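Summary of structural features
Below are the chains, spelled out letter by letter.
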Amino acid sequence: MSENLDLVRSIYADWERGDFRSAAWADPEIDYGFPDGPWPVDRTGLAGMAEGEREFLSAFANFRIEADEFREMDDERVLVLHHASGHGKTSGLDFAQLWPTGGACLFHLRDGKVTRFVGYFDRDRALADLGLEE
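Residues numbered from 1 in each chain as written. Predicted model: local features only at pLDDT ≥ 70, side-chain atom pairs only at ≥ 80, totals over all residues. Heavy atoms only, no water.

**Concerning a negative patch on the surface**
A cluster of acidic residues, Glu 3, Asp 6, Glu 72, Asp 75, Glu 76 and Asp 111, forms a negative patch on the protein surface. By secondary structure assignment, the location of Asp 6 is in helix 1 (residues 3-16). Overall, Asp 6 belongs to the partly exposed group, its relative accessible area being 39%. (Patch = residues over 30% accessible without salt bridge, like charges linked within 9 Å, V, L, I, M, F, W, Y side chains within 5 Å. Areas by Shrake-Rupley, 256 points an atom, 1.4 Å probe, with all protein chains shown as cover. Salt bridge = Lys/Arg side-chain N within 4 Å of Asp/Glu carboxyl O. Lys, Arg positive; Asp, Glu negative; His and termini not counted. Charge placed at Lys NZ, Arg CZ, Asp CG, Glu CD. Helix = DSSP H or I, 4+ residues; strand = E, 2+ residues; numbered from the N terminus. Buried < 20%, exposed > 50% of the residue type's maximum accessible area, 1.4 Å probe, protein only.)

**A closer look at the environment of His 83**
One can find His 83 in strand 4 (residues 77-88). A C-alpha to C-alpha distance of 7.4 Å links His 83 and Ala 96, two positions 13 residues apart in sequence. Residues contacting His 83, with those up to four places away along its chain left out, are Arg 64, Ile 65, Glu 66, Asp 68, Gly 102 and Arg 123. Of the polar contacts made by the side chain of His 83, one reaches the side chain of Asp 68; its length is 2.7 Å. (Contact = heavy atoms within 4.5 Å. Polar contact = N/O pair within 3.5 Å; in protein donor to acceptor, adjacent residues only side chain to side chain.)

**Concerning helix 1**
Compared with the 20 Å implied by 1.5 Å per residue over 14 residues, the 20 Å span of helix 1 between its first and last C-alpha is a close match. What helix 1 keeps buried is the set Asn 4, Leu 5, Leu 7, Val 8, Ile 11, Tyr 12 and Trp 15. Buried residues along helix 1 cover an arc of 160 degrees about the axis, so they all sit on one side. Elements in contact with the buried residues of helix 1: strand 3 (60-74), strand 4, strand 5 (103-110) and strand 6 (113-120). Taken from the residues just after helix 1, Gly 18 is the one with a positive phi, measuring 80 degrees. (Expected span 1.5 Å × (residues − 1). Arc of directions from axis to C-beta.)

**Quick word on the packing of aromatic side chains**
Across all of its chains, the model carries 22 aromatic pairs by this definition. On the basis of an interplanar angle of 70 degrees and a centroid distance of 6.2 Å, the ring pair of Tyr 12 and Phe 107 is categorised as edge-to-face. Here the residue Tyr 12 occupies a position in helix 1, and Phe 107 occupies one in strand 5, the gap between them amounting to 95 residues. With a relative accessible area of 1%, Tyr 12 lands in the buried category. In this structure Phe 107 comes out as buried when scored by relative accessible area, which is 0%. When the ring of Phe 34 is compared with that of Phe 121, the centres are 5.5 Å apart and the planes differ by 40 degrees; the resulting orientation is tilted. (Phe/Tyr/Trp six-rings, centres within 6.5 Å; stacked < 30°, edge-to-face > 60°.)

**Regarding the nonpolar core**
Within the largest apolar cluster, 29 residues are counted, with the highest numbers of intra-cluster contacts made by Tyr 12, Trp 15, Trp 25, Phe 63, Phe 107, Val 114 and Phe 117. Of all the secondary structure elements, the ones that give two or more residues to this core are helix 1, strand 1 (26-34), helix 2 (45-57), strand 3, strand 4, strand 5 and strand 6. The element best represented in this core is helix 1, accounting for six residues. Judged by nonpolar contacts, the second largest core, of eight residues, contains Leu 79, Leu 81, Leu 106 and Val 118. (Core = buried A, V, L, I, M, F, W, Y, C linked by side-chain atoms within 4.5 Å.)

**Things to note about the pattern of salt bridges**
Pairing between side chains of opposite charge can happen when the charged atoms of each approach one another. Taken as a whole, this structure holds nine salt bridges when the rule is applied. For Arg 77, the salt bridge identified is with Asp 74, shortest N-O distance 2.9 Å. Judged by its relative accessible area of 36%, Asp 74 is partly exposed. Among the charged side chains, a salt-bridge network with shared partners connects Arg 43, Glu 51 and Glu 55.

This is the structure in structure tokens:
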């Protein structure tokens, strides 16, 4: 198993417990974004990433992301297919009902840090963007 895959697995270990506090894995100039869903985001740097995460996580209670599959795309990219759980603080809606197909995250890594993070609410969109089929 590669060091990149080990790092991404460790990130998901925290997220599966609902712990999104650590950014030790992120490059200080990380490019962070979500191209789809209700919160399209494109931020740069640790402060931008933290702001994006705070905005999103503040809408949900008991939010967690659990990995379904880890795929090493090449020497610098790891794709994770996942599903999320939690519920809206205001609406009470179950996150899994909003996005039943699951999502995905694409991690670009260099020198032991994530330099670019692309999160997808729609797993099929991630696979299409990468030219893959489920």
